[in-house]
Amino acid sequence: MADDKFDVIVVGAGPAGTSAAITAAKAGLNVVLLERGEYPGAKNVQGAVLYTKNLADVLPEFWKDPTCPLERYITQQNVMITAEDSAIQIGYKNEKWVKEPHNCYTIIRVNFDKWYAQQAEKAGAQVYSGVKVSKLLREGTKVVGIETSEGDQLKSDVVICCDGVNSMLAQSIGLIDEWKADEVALGVKEVLSLPKERIQDRFQLEGNEGSTFEIFGGVSKGMLGYAFMYTNKESISFGVGCKLSHFQKAKIAPYDLLESAKKHPVIRRFLQDAKPMEYSAHLIPEGGYYSLPPLYTDGFMLAGDAAQMINPTHREGSNLAMTAGMLAAQTAVEAKKKGDFSKNTLKAYQQKLEASMVLPDLEDHKDVEPKIEQNMDLLTVYPDMATKALFEYFTVDGRAKRDVQKSIFRRIRKTRSFLRIAKDFWAVRKAF
Ligand SMILES: Cc1cc2nc3c(=O)[nH]c(=O)nc-3n(C[C@H](O)[C@H](O)[C@H](O)COP(=O)(O)OP(=O)(O)OC[C@H]3O[C@@H](n4cnc5c(N)ncnc54)[C@H](O)[C@@H]3O)c2cc1C
């Protein structure tokens with residue numbers, strides 16, 4: 001490395017870290033970005049839907065760069081509610097999403113992270129892969145640099161720590177404890193190759209349009225979580241994610257859950273003849289607002305998954321990470337101007353997050369998972385009830401419609417009173 005004292009050391013070349021490195025380097029700071037993987041993205045896992053707005057704040061008009069490895073732009077978003085042999089599908093399409101700038105894209109993280117780190121290099125940051133940061137260097141309460149697992153020491157005015165879920169570095173200075181099993185979900189994912197013409201036919205897409213499915217109900221076998229299915233250019237990303245504590249309690253192996261979701265009678269048609277190319281698993285921090293750690297201290301800021309910045313209700317994480325990384329870097333730029341990297345100056349990072357969508361979204365959705373967890377019927381009893389009602393409603397069996405309707409209401413009342421149904425949904429609605 002050319003220097004051993006930097007303005008900013010960024011740990012981790014994921015969405016948070018690379019966004020921080022680009023922003024700080026563009027502002028003229030002397031930045032190094034350190035990534036433990038053999039190359040950026042080597043071990044990173046995501047669905048993966050990438051949101052345009054948050055990336056464009058860091059790299060304006062990134063979609064115009066022909067080297068940017070985007071898969072498909074999303075024009076259809078679907079929710080599927082599954083029971084044993086049936087599914088309700090609610091889809092939304094909008095012609096506005098066909099035009100640039102698109103709302104969001106699918107990406108493959110291995111390709112995207114590599115490209116994104118190259119943009120950090122172009123902006124002037126030094127980027128080193130295969131470098132594991134093992135320790136934070138401190139003088140009193142102040143973080144003054146890092147030590148790598150090979151024993152090299154680098155000094156800086158500030159460390160922006162973006163080392164992902166279970167941040168060892170934030171743990172080492174007491175900002176977080178190891179997450180408990182109910183503060184994280186475990187996501188498992190396969191990329192399945194399928195010729196692009198088949199993808200377009202099956203998902204009713206033209207050209208490079210893409211489609212997303214979030215799949216609830218029976219597929220998660222009574223656990224808090226859901227499956228997802230996203231179209232790439234010539235592959236489909238299919239995965240499931242459930243609370244780790246639920247996997248442990250149900251004694252269901254994540255891979256078995258993935259396999260059983262793929263075999264669901266409605267889902268399997270989308271995946272037929274698709275060939276598994278890659279399998280991966282990763283923790284997702286889902287403790288949310290209640291698990292947010294302190295986000296800064298003297299000479300140190302924490303961003304992205306390392307700080308539990310995930311909004312599972314809206315399948316957003318990488319975008320919160322990008323915005324948080326960018327805001328941490330902007331705070332570092334202001335601190336450099338003041339010549340003061342104490343926590344008194346770095347508290348501006350927290351204020352910026354409060355003024356952005358990051359902390360408001362985490363706060364507003366803090367009770368969604370706890371409320372659903374208190375009433376798991378929402379993911380088991382109700383999907384079953386709804387699919388059975390629709391089966392009766394759509395089946396022509398010689399009965400008069402008034403008798404069909406009476407039968408549907410009788411069956412619903414037998415399972416749950418209407419007052420109980422109203423109460424169950426009101427409790428969750430209030431959490432949004
Ligand atoms: C199955 C799954 C599906 C998901 N789907 C979506 C989705 O569709 N859309 C979305 O927005 N989000 C999604 N997410 C969440 C998203 O992946 C994360 O929120 C996002 O990756 C967080 O970015 P980050 O930079 O904070 O952390 P990461 O992406 O985890 O990056 C951390 C980086 O730090 C490096 N690192 C760790 N320790 C060290 C060390 N000691 N020294 C050096 N480097 C280190 C790691 O190798 C890694 O490159 C999904 C997550 C999973 C698991």
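Residues numbered from 1 in each chain as written. Predicted model: local features only at pLDDT ≥ 70, side-chain atom pairs only at ≥ 80, totals over all residues. Heavy atoms only, no water.

Trainee: Explanation requested: the site of the ligand in the structure shown.
Mentor: Of all residues adjacent to the ligand, which total 34 residues, the nearest are Glu 35, Gly 47, Arg 109, Asp 305 and Ser 318. A distance of 3.3 Å separates a nitrogen atom of the ligand from a polar side-chain atom of Gln 46. Coverage of the ligand by the protein amounts to 95% of the 1,000 Å² it exposes when considered alone. For the shell around the ligand, the secondary structure elements donating two or more residues are α1 (15-26), β2 (31-35), β3 (49-51), β15 (275-285) and α9 (318-338). Tallying contributions element by element places α9 first for the shell around the ligand, with three residues. For the shell around the ligand, the residue count by class is 15 nonpolar, eleven polar and eight charged. (Near = heavy atom within 4 Å. Polar contact = N/O pair within 3.5 Å; in protein donor to acceptor, adjacent residues only side chain to side chain. Areas by Shrake-Rupley, 256 points an atom, 1.4 Å probe, with all protein chains shown as cover. Helix = DSSP H or I, 4+ residues; strand = E, 2+ residues; numbered from the N terminus. Nonpolar A, V, L, I, M, F, W, Y, C, P; charged D, E, K, R; others polar.)

Trainee: What should I look at first to understand the nonpolar core in this one?
Mentor: Nonpolar side chains in soluble globular proteins tend to end up buried together. Membership of the largest hydrophobic core comes to 82 residues, with the highest contact counts inside it found for Phe 62, Met 309 and Tyr 349. Element by element, the count of residues in this core is highest for α9, at eleven residues. Setting aside residues up to four positions removed in sequence, Met 309 forms contacts with Leu 295, Leu 302, Ala 303, Gly 304, Gly 317, Leu 320, Ala 324, Tyr 349, Leu 353, Val 358 and Leu 362. Judged by nonpolar contacts, the second largest core, of 26 residues, contains Leu 186, Ile 199, Ile 236 and Phe 247. (Core = buried A, V, L, I, M, F, W, Y, C linked by side-chain atoms within 4.5 Å. Buried < 20%, exposed > 50% of the residue type's maximum accessible area, 1.4 Å probe, protein only. Contact = heavy atoms within 4.5 Å.)

Trainee: Looking at this structure, how should I read the layout of surface pockets?
Mentor: Where empty space is left can be seen by rolling a probe of water-molecule size over the atoms. Considering only enclosed or pocket space, the second largest pocket measures out at about 260 Å³ in volume. Along its surface, the second largest pocket is lined by 21 residues, and Glu 286, Gly 287, Gly 288, Lys 366 and Pro 370 are the ones closest to its centre. Breaking the lining of the second largest pocket down by element, the ones donating at least two residues are α11 (358-364) and α12 (368-374). With four residues, α12 is the single largest residue contributor to the lining of the second largest pocket. (1 Å grid on protein atoms, 1.4 Å probe; cavity = no way out; pocket = protein on both sides within 12 Å on 5 of 7 lines; lining within 4 Å. Points joined across faces, edges and corners; volume = space filled by probe spheres on them.)

Trainee: Can you help me understand a positive patch on the surface in this one?
Mentor: On the surface, Arg 402, Lys 406, Arg 410, Arg 413 and Lys 414 cluster together into a patch of positive charge. Structurally, Arg 402 is set in helix α14 (residues 401-415). Classification of Arg 402 by relative accessible area gives exposed; the value is 62%. (Patch = residues over 30% accessible without salt bridge, like charges linked within 9 Å, V, L, I, M, F, W, Y side chains within 5 Å. Salt bridge = Lys/Arg side-chain N within 4 Å of Asp/Glu carboxyl O. Lys, Arg positive; Asp, Glu negative; His and termini not counted. Charge placed at Lys NZ, Arg CZ, Asp CG, Glu CD.)

Trainee: In this structure, what is going on with the packing of aromatic side chains? I would like to understand it.
Mentor: We describe a pair of aromatic rings using the distance from one ring centre to the other and the angle between the two ring planes. Tallying each qualifying case throughout the model produces 15 aromatic pairs. On the numbers, 5.1 Å between centres and 40° between planes, the contact of Phe 216 with Tyr 226 is tilted. In this pair, Phe 216 is assigned in strand β12 (residues 209-217) and Tyr 226 in strand β13 (residues 225-231), connecting sequence segments ten residues apart. The exposure class of Phe 216 is partly exposed, given its relative accessible area of 27%. Overall, Tyr 226 belongs to the buried group, its relative accessible area being 18%. Through a chain of ring-to-ring contacts, three or more aromatic side chains come together here, namely Phe 62, Trp 63 and Tyr 105. Taking NZ or CZ as reference, Lys 114 lies 4.6 Å from the ring centre of Tyr 39, over its face. (Phe/Tyr/Trp six-rings, centres within 6.5 Å; stacked < 30°, edge-to-face > 60°. Lys NZ or Arg CZ within 6 Å of the ring centre and 35° of its normal.)

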